[in-house]
Structure formats: structure tokens, C-alpha cells
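Read off the chains here:
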Amino acid sequence: QRILTTNMTITNGHTMVIGGMIQEKKKDYLNSVPVISDIPMLRRLLGSTAQSVERTELLVLITGYIINEKSPVEDMLRRYNQSVKAISTFENQLEEEHARDLERYRQSRARIQEIREENAREQQRQGSPVDGDSGNAVAAAAVTGAEEVKPAAAPAAAPAEQKK
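Right, let's get into the overall build of the chain. Within the chain, the secondary structure is distributed over three helices and two strands. Mapped in sequence order, the helices and strands of the chain form the string β-α-β-α-α. Among the 164 residues that make up the chain, the fraction classed as buried is 7%. For the chain, contacts bridging at least 24 residues in sequence account for 53% of all contacts bridging at least 6. Taken as a whole, the chain presents about 14,900 Å² of accessible surface, with 54% of it coming from carbon and sulfur.

Below, the structure is given as C-alpha cells:
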């Protein structure tokens, strides 16, 4: 790793070279017969060799620009920040509405349960058996604001004839 540090003064839109690096790599390729390649003197005589040089040049160039307050980048950042804020506000509103809906649901369920319990107590006071379906009808009617729906009475049984 190489680090480059500098101070400079340049005019708007001009480019300045602040550093560079040149690197050369020399490569030597040798192809030889497998057994003969182990003998140092014969290795190069009975094989093929190739040499290459790779040169890499790296230059560090800096172009300076003065950005005024009304640049497209700042406008884009402003719009992005506004969008993020709008999404955050929308998410908060959804969470609040969900919490209100959940609370209304819990209150409705609690009221239905209270009405069922009241209906069961009333039927016990009157001496009639507790009927789960009629309790549900009364509870549903109370929550929706409709009139109470009463179950139809069972027909009276005819007295049995006695055989003499």
C-alpha cells in the first residue's frame, strides 16, 4: 500500500497530476523435457525460453470543481431526504392507525364478552337454560346496534294418551 498526501491550489475545472507510479515486471518462461529440466546446464540447451517485460504506469490526476448551492447534487440530496421523511411519516401513520384499529377490535371483543355474560346471568335468573347461540345473537345485536334477536320457542308437546 502506498499513500500520497499533498496540498494544492487549482482553478475551477482544471486538472493537476499529483503523483504516479511505474512498475516493471520481468518474466522468464522455460519449457524443457521433464527429465532434462532437472539438470541445470542442459535445461536451457534442450528447451525453449521466452522473456517478457510488463510495464504498468499509474498516474493520480485531480480535477477540481466549485459546487454552488444550487447544484444538481444538492437538489437530488434534498429530494432524497424529503422522500425519506415522507416515508417515515407514512409508516408512523400506519402504525398509529393499526394501533387504533387493534384497540377498537379489543374493545368490541370485550363488549361482546360482557354482553354474553350478562345474557347468561339473565337467563339463569329467569330459570331458562343458557343457550350459546342466543347469547351470540344478543351480543352481536348489541355491538351492531340492531334489535335483539330472540330464538323461537320450541312447540309444546301434546300430552300422551293413557291406555286403560
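What follows is about a negative patch on the surface. Judged by side-chain charge, E91, E95, E96 and E97 come together as a negatively charged surface patch. In this structure, E95 sits in helix α2 (residues 72-126).

Per the counting criterion, the structure on display carries seven salt bridges. The shortest N-O distance in the salt bridge between E54 and K27 comes to 3.1 Å. Placement of E54 in strand β2 (residues 48-63) and of K27 in strand β1 (residues 15-31) is noted, with a sequence separation of 27 residues between them. With relative accessibility at 37%, the residue E54 sits in the partly exposed group.

All right, on to the confidence of the model for the chain then. Summing up the model confidence of the chain, the mean pLDDT is 77 and the portion of residues at 70 or higher is 74%. Across the chain, element-level confidence peaks in α2 with a mean pLDDT of 91 and bottoms out in helix α3 (residues 132-144) with 49. Considering only residues more than four positions removed or in separate chains, one finds that residues 137-164, a stretch of pLDDT under 50, has 17 contacts.

Cut-off values and rules
Residues numbered from 1 in each chain as written. Predicted model: local features only at pLDDT ≥ 70, side-chain atom pairs only at ≥ 80, totals over all residues. Heavy atoms only, no water. Helix = DSSP H or I, 4+ residues; strand = E, 2+ residues; numbered from the N terminus. Buried < 20%, exposed > 50% of the residue type's maximum accessible area, 1.4 Å probe, protein only. Contact = heavy atoms within 4.5 Å. Areas by Shrake-Rupley, 256 points an atom, 1.4 Å probe, with all protein chains shown as cover. Patch = residues over 30% accessible without salt bridge, like charges linked within 9 Å, V, L, I, M, F, W, Y side chains within 5 Å. Salt bridge = Lys/Arg side-chain N within 4 Å of Asp/Glu carboxyl O. Lys, Arg positive; Asp, Glu negative; His and termini not counted. Charge placed at Lys NZ, Arg CZ, Asp CG, Glu CD. pLDDT = per-residue confidence, 0-100.

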